[in-house]
Amino acid sequence: MTNRRAPRQEAVTATVSVLMLTALVCAPLACTVRSGPAAAEGRRAAPAGAATGETVRTDAGPVRGTRSGAYRIFQGIPYAGAPEGRHRWAPPRPVRPWKDVRDATEPGPLCPQVPSQYAPISSTQENCLVLNVTTPPASARGRAAPVLVWIHGDGAVGGGAFFDGRRLAERGLVVVTINYRLGVFGGLALPGLEGAGTFGLQDQRAALTWVRNNARAFGGDPGNVTVAGVSFGASAIAGHLTSPASRGLFHRAVMASGEAMMDMPAGAMGPDVPGYPWYIWRTGREMEDITTEMTSSLGCRDDRPERTLACLRALPVKRLLEVPSIMNAFQVLGYGNATLPELPPAALRAGRFHRVPVLSGATRDEHRTFVGMMYDAVGRPFTEADYDRALRTAFGEAQAKRVRAEYPTAAHPSPALAWSTVITDRMWARGTQTQHDALARHVPVYAYEFADRNAPMFLPLPGGFDFGAFHVADIPYLFEDEAAEPFLTPAQRRLSAAMTRYWAAFARTGAPRGTGLPAWLPHRPDPVGRPYTQSLAPQRIGPVDYRHEHNLDFWNGSVK
């Protein structure tokens, strides 16, 4: 059934299986890497037409960036020391200062990662805790510009340099994109290990601390910082909202397609993937179980955790990356520790989180991405029999009949789209609405739905499938992406312009409002207020009845 609590082995199975698939789609901009020297090392080249720019002094030393038109771009700035040797699986430490001017004209190393079929990038570099800064044109700057810090998604692949900040900087923001430790390097957990299961989160916090200390040097306002992220990155932001150590490091939050309050029905992410009560969160013991399972082949098992740790730290990065699924298995976040003392969804519901305005939303057809990539888009049609089997797996025999009656295949172009709609509504929309309702009881929340069903598909999939407004389809509208950009229509470019204006206004004032933009009201949950979700589509920007569109009364009723 949907919310049964998985045994320890099922927790490992659920984590590895679901996140292997998620890895294929949550770092879309990493998929735009092209051939050439930069691509071979997983690096994004400097923008075309860039010229050496001025020098800025950070708290660790001076850096020299480039000029690209009206923008100043600084890349590969270290914000923490190299997490290698005895510092592998340790909290981030201060970067060693330097005296000479440091070159910041090329992206720094990616954190260790392995290539996938859809993200052909890799790295074995542990000295990777770097960030990138894009400053706005002089004409768009105020006295001190709002700062937007971007946390990329996936958790096992990607890096900050894949996100071109100029589109948002044009709106007057200082844009910071960051690397953080991924996969096993960010999530390993052993008994007694300080920071176990949260090293990636701690890196993100260290980057936010760097922003607080250095924003002014780049024309930014350290008192007006927005942390923004997508998918795994958005879920991480939910963690920061509830983490005592992240208090005061940001003043607004943007969460796109986050899974913070989402569970996982059995079979939703594949026919053999068990159900799990939380998509993204695991207890400390579960993180330790994942570690035991994924490192068992490395010859480091010992009854004394400190010896296990020393053995694992001594292994080359390449040896760790050779273990199948070891990066994907840790695309979760551990709680019950100093960084995340309690389960974040429980803290959000109880109002135990940092009180900052939130802009949050999802795409209209979130789950089409996953169904398409498992079935029709790779040449394996999802059949009526598959649909019946999937419904029984997710909801049990009796409830499956009710769901099929509510979502008949005759009402959809194909069984695959029927199943996509079921899980989009049940898992994604229900979790998104729950998150908005919980937050809006305590802080201003501006909810949205990205609804462009003709958004460019940038994944190199061989088969035909109607992906609609798929998972993370909105990100190239905010960050220019070379794979999607050529396919944007004039109407989609106007939508992109509106979205960047909304996001910049929110970063500046805490409300997405601007002259000439359609009104966007705050979300106020029933029964005391009026729920409100802004639909973002080329043909229309305005309110949508999110509850009705995604059939949430049905899912919040007897069918779970």
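What counts as what
- Residues numbered from 1 in each chain as written.
- Predicted model: local features only at pLDDT ≥ 70, side-chain atom pairs only at ≥ 80, totals over all residues.
- Heavy atoms only, no water.
- 1 Å grid on protein atoms, 1.4 Å probe; cavity = no way out; pocket = protein on both sides within 12 Å on 5 of 7 lines; lining within 4 Å.
- Points joined across faces, edges and corners; volume = space filled by probe spheres on them.
- Helix = DSSP H or I, 4+ residues; strand = E, 2+ residues; numbered from the N terminus.
- Nonpolar A, V, L, I, M, F, W, Y, C, P; charged D, E, K, R; others polar.
- Salt bridge = Lys/Arg side-chain N within 4 Å of Asp/Glu carboxyl O.
- Buried < 20%, exposed > 50% of the residue type's maximum accessible area, 1.4 Å probe, protein only.
- Expected span 1.5 Å × (residues − 1).
- Pairing = 2+ DSSP bridges.
- Core = buried A, V, L, I, M, F, W, Y, C linked by side-chain atoms within 4.5 Å.
- Contact = heavy atoms within 4.5 Å.
- Disulfide = S-S within 2.5 Å.
- pLDDT = per-residue confidence, 0-100.

Colleague: Would you mind going over the layout of surface pockets with me for this structure?
Modeller: Left-over empty space is what a probe sized like a water molecule reveals as it rolls over the atoms. For the second largest pocket, the calculated volume is near 250 Å³. Along its surface, the second largest pocket is lined by 18 residues, and Leu190, Thr292, Arg301, Asp302 and Thr308 are the ones closest to its centre. Those elements giving two or more residues to the lining of the second largest pocket turn out to be α7 (284-295) and α8 (305-314). No other element matches α7, which puts 6 residues into the lining of the second largest pocket. A class-by-class count of the residues in the lining of the second largest pocket yields 6 nonpolar, 5 polar and 7 charged.

Colleague: How should the pattern of salt bridges be read in this particular structure?
Modeller: A side chain of one charge can pair with a side chain of the opposite charge when the charged atoms of the two come close. Enumeration over the complete set of coordinates arrives at 22 salt bridges. Glu480 serves as the salt-bridge partner of Arg167, at 3.9 Å between the closest nitrogen and oxygen. Linking Arg167 in helix α3 (residues 166-169) with Glu480 in the loop between β13 (445-450) and α14 (490-509), this pair joins segments that are 313 residues apart in sequence. Judged by relative accessible area, Arg167 falls into the buried class, the value being 14%.

Colleague: What is the right way to look at helix α5 (residues 199-214) in this model?
Modeller: Helical geometry: 3.6 residues make up each α-helical turn, so side chains three or four residues apart lie on a common side. Over its 16 residues, α5 runs 22 Å from end to end, which matches the ideal 22 Å to within 8%, given 1.5 Å per residue. Most of α5 is tucked away, with 13 of its 16 residues classed as buried.

Colleague: Where do I start with the pairing of strand β14 (residues 533-536) in this structure?
Modeller: Side-chain positions along a regular strand alternate between the two faces of the sheet. Residues Thr533 and Ser535 line one face of β14 and the alternating positions Gln534 and Leu536 line the opposite face, and both faces are buried. Strand direction decides the pairing type here: β13 and β14, joined by 4 bridges, are parallel. Residue pairing in the sheet places Phe450 in a bridge with Leu536 of β14. Bridge analysis of β14 against strand β15 (residues 541-544) gives 4 bridges, and the strand direction is antiparallel. In the strand pairing of β15, Leu536 is matched with Ile541.

Colleague: Whenever I open this one, the nonpolar core confuses me. Can you help?
Modeller: Proteins that are soluble and globular tend to have nonpolar side chains buried together. Ranked by internal contacts, the top residues of the largest apolar core, which has 89 residues, are Trp89 and Trp281. A total of 7 residues in this core trace back to one element, the largest contributor, which is α5. Look past the residues within four positions of Trp281 in its chain and what remains in contact with it is Ser235, Ala238, Gly239, Ala260, Tyr276, Leu333, Tyr335, Leu340, Leu343, Pro344 and Pro345. Formed by 85 residues, the second largest nonpolar core is a distinct cluster that contains Leu391, Tyr407, Ala473 and Phe506.

Colleague: Just to check I follow, could you spell out the environment of Gly153 for this structure?
Modeller: Within the secondary structure, Gly153 sits in the loop between β6 (145-151) and α3. Sequence separation between Gly153 and Gly229 is 76 residues; the distance between their C-alpha atoms is 6.8 Å.

Colleague: Any chance you could explain unusual backbone geometry here in plain terms?
Modeller: Most of the time, phi is negative for any residue but glycine, and the peptide bond is trans. The peptide bond linking Asp526 to Pro527 adopts the cis configuration, its omega dihedral lying at 0°. Considering the arrangement of structural elements, one finds Pro527 in the loop between α14 and β14. Residues other than glycine seldom take positive phi values, yet Val472 does so here, at roughly 65°. When you line up the elements, Val472 lands in the loop between β13 and α14.

Colleague: What should I look at first to understand empty space enclosed by the protein in this one?
Modeller: For the structure on display, the rule yields 4 cavities of 30 Å³ or more. Volume-wise, the largest cavity comes out at about 90 Å³. Along its surface, the largest cavity is lined by 15 residues, and Arg181, Gly186, Gly200, Phe232 and Leu333 are the ones closest to its centre. For the lining of the largest cavity, the secondary structure elements donating two or more residues are α4 (183-187) and α5. Its residues placed into classes, the lining of the largest cavity shows 7 nonpolar, 7 polar and 1 charged. Of the volumes computed, that of the second largest cavity is approximately 50 Å³. What lines the second largest cavity is simply Ser257, Gly258, Met262, Ser360, Gly361, Ala362, Trp428, Gly431, Thr432 and Gln435. Mapped onto the lining of the second largest cavity, the elements with two or more residues apiece are β12 (358-363) and α13 (415-440). With 4 residues, the top contributor of residues to the lining of the second largest cavity is α13. A per-class count over the lining of the second largest cavity returns 3 nonpolar, 7 polar and no charged.

Colleague: Any chance you could explain the state of the cysteines here in plain terms?
Modeller: A covalent bond bridging the sulfur atoms of two cysteines is what the word disulfide describes. Counting across every chain of the model gives 2 disulfides. Residue Cys111 pairs covalently with Cys128 via a disulfide, S to S 2.1 Å. Judged by the sign of its S-S torsion, about 90°, the bond between Cys111 and Cys128 is right-handed. Residue Cys111 is found in the loop between β4 (102-103) and β5 (130-135), and its partner Cys128 is found in the loop between β4 and β5; the two are separated by 17 residues along the sequence. Classification of Cys111 as buried rests on a relative accessible area of 1%. With relative accessibility at 0%, the residue Cys128 sits in the buried group. Shown here is the disulfide that connects Cys300 with Cys311, its sulfur atoms set 2.0 Å apart. Looking along the S-S bond of the Cys300-Cys311 disulfide, the torsion reads about -65°, which is the left-handed sense. Remark: Cys311 occurs in helix α8 and Cys300 occurs in the loop between α7 and α8; sequence separation between them is 11 residues. Looking at the protein, its bonded cysteines, counted consecutively from the start of the sequence, adopt the pairing 1-2, 3-4.

Colleague: For this particular structure, what's the right way to read the confidence of the model for the protein?
Modeller: Caution applies to low-pLDDT regions: their predicted coordinates should not be interpreted in detail. Mean pLDDT over the protein stands at 91; residues scoring 70 or higher make up 90%. Note that pLDDT drops below 50 for residues 1-7; the model gives that stretch 22 contacts with residues more than four away or on any other chain. Considering only residues more than four positions removed or in separate chains, one finds that residues 23-45, a stretch of pLDDT under 50, has 62 contacts.

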